[in-house]
Amino acid sequence: MYCTRCGLDLREEDRFCSRCGNRTPVGTTLNGPLETYRPLMLDKRNKKIAGVCAGFARYIGVDTVLVRVIWLGMALCTGIGFLLYIAAWIVVPSDGGYEPQMTTHLPQTV
C-alpha cells in the first residue's frame, strides 16, 4: 500500500503516513475490508451556514461542493431543498467542531 499524497510505501496496518501524516484507508482483515461506521452529524468545522451539507458529504464520503450543488439545485428547482435543509439543521446532532469517532466493525464470519 502506498500513501496517496507522497507515495511512501506503507505497511498494511498503518493508519497514517509517517512522512506526511496523511490518513490511510482503514486496514483489512483476512476475510475482507473492515467496515467503518460514520455517524451522521453536522460538520461545524467545514460549515458555510449550518454544516448540513458538509455533514452529509462526510457521512456518504463525497466532496462537500458536490453535495452543496445538488442541495442548491433541489432548493431552487423544487423548493423542497429549503425545507429539508431546515429540518436536517434541527434534527441532526452537531459534532461540536470535533472530528467524530469512527468505529470499525469486523465482517461476520460464518
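Just so it is clear, the structure is predicted and the values come from calculations on it, not from any experiment.

### Examining the nonpolar core
Logical step 1: With 10 residues, the main nonpolar core is built from Leu-42, Ala-50, Val-52, Cys-53, Ala-57, Val-67, Trp-71, Tyr-85, Ala-88 and Val-92.
Logical step 2: Going through the elements one at a time, α1 (52-60), α2 (64-77) and α3 (80-91) are the ones with two or more residues in this core.
Logical step 3: When residues in this core are grouped by element, the largest group, 3 residues, is from α1.
Logical step 4: Discounting chain neighbours no more than four positions away, the residues touching Ala-50 are Leu-42, Lys-44, Tyr-85 and Trp-89.

### A short note on the packing of aromatic side chains
Logical step 1: One pass over the full model with this rule turns up 3 aromatic pairs.
Logical step 2: With a centroid separation of 5.4 Å and an interplanar angle of 50 degrees, the aromatic rings of Phe-56 and Trp-71 are classed as tilted. Placement of Phe-56 in helix α1 and of Trp-71 in helix α2 is noted, with a sequence separation of 15 residues between them.
Logical step 3: Consider the rings of Tyr-85 and Trp-89, whose centres lie 6.3 Å apart with planes at 75 degrees: the pair is edge-to-face. Taken together, the residues span about one helical turn, with Tyr-85 and Trp-89 both in helix α3 at a distance of 4 residues.
Logical step 4: Classification of Tyr-85 as buried rests on a relative accessible area of 14%.
Logical step 5: Through a chain of ring-to-ring contacts, three or more aromatic side chains come together here, namely Phe-56, Trp-71, Tyr-85 and Trp-89.

### Thoughts on α2
Logical step 1: Over its 14 residues, α2 extends 20 Å from the first C-alpha to the last, a length consistent with the 20 Å expected when each residue adds 1.5 Å.
Logical step 2: Within α2 the residues assigned to the buried category are Val-67, Trp-71 and Ala-75. The buried side chains of α2 occupy one side of the element, clustering within an arc of 70 degrees when seen end-on. Across α2 from its buried face, at more than 90 degrees, point the exposed residues Val-69, Leu-76 and Cys-77.
Logical step 3: Remark: Gly-79 follows α2 within two positions and exhibits a positive phi of approximately 85 degrees.

Basis of the calculations
Residues numbered from 1 in each chain as written. Predicted model: local features only at pLDDT ≥ 70, side-chain atom pairs only at ≥ 80, totals over all residues. Heavy atoms only, no water. Core = buried A, V, L, I, M, F, W, Y, C linked by side-chain atoms within 4.5 Å. Buried < 20%, exposed > 50% of the residue type's maximum accessible area, 1.4 Å probe, protein only. Helix = DSSP H or I, 4+ residues; strand = E, 2+ residues; numbered from the N terminus. Contact = heavy atoms within 4.5 Å. Phe/Tyr/Trp six-rings, centres within 6.5 Å; stacked < 30°, edge-to-face > 60°. Expected span 1.5 Å × (residues − 1). Arc of directions from axis to C-beta.

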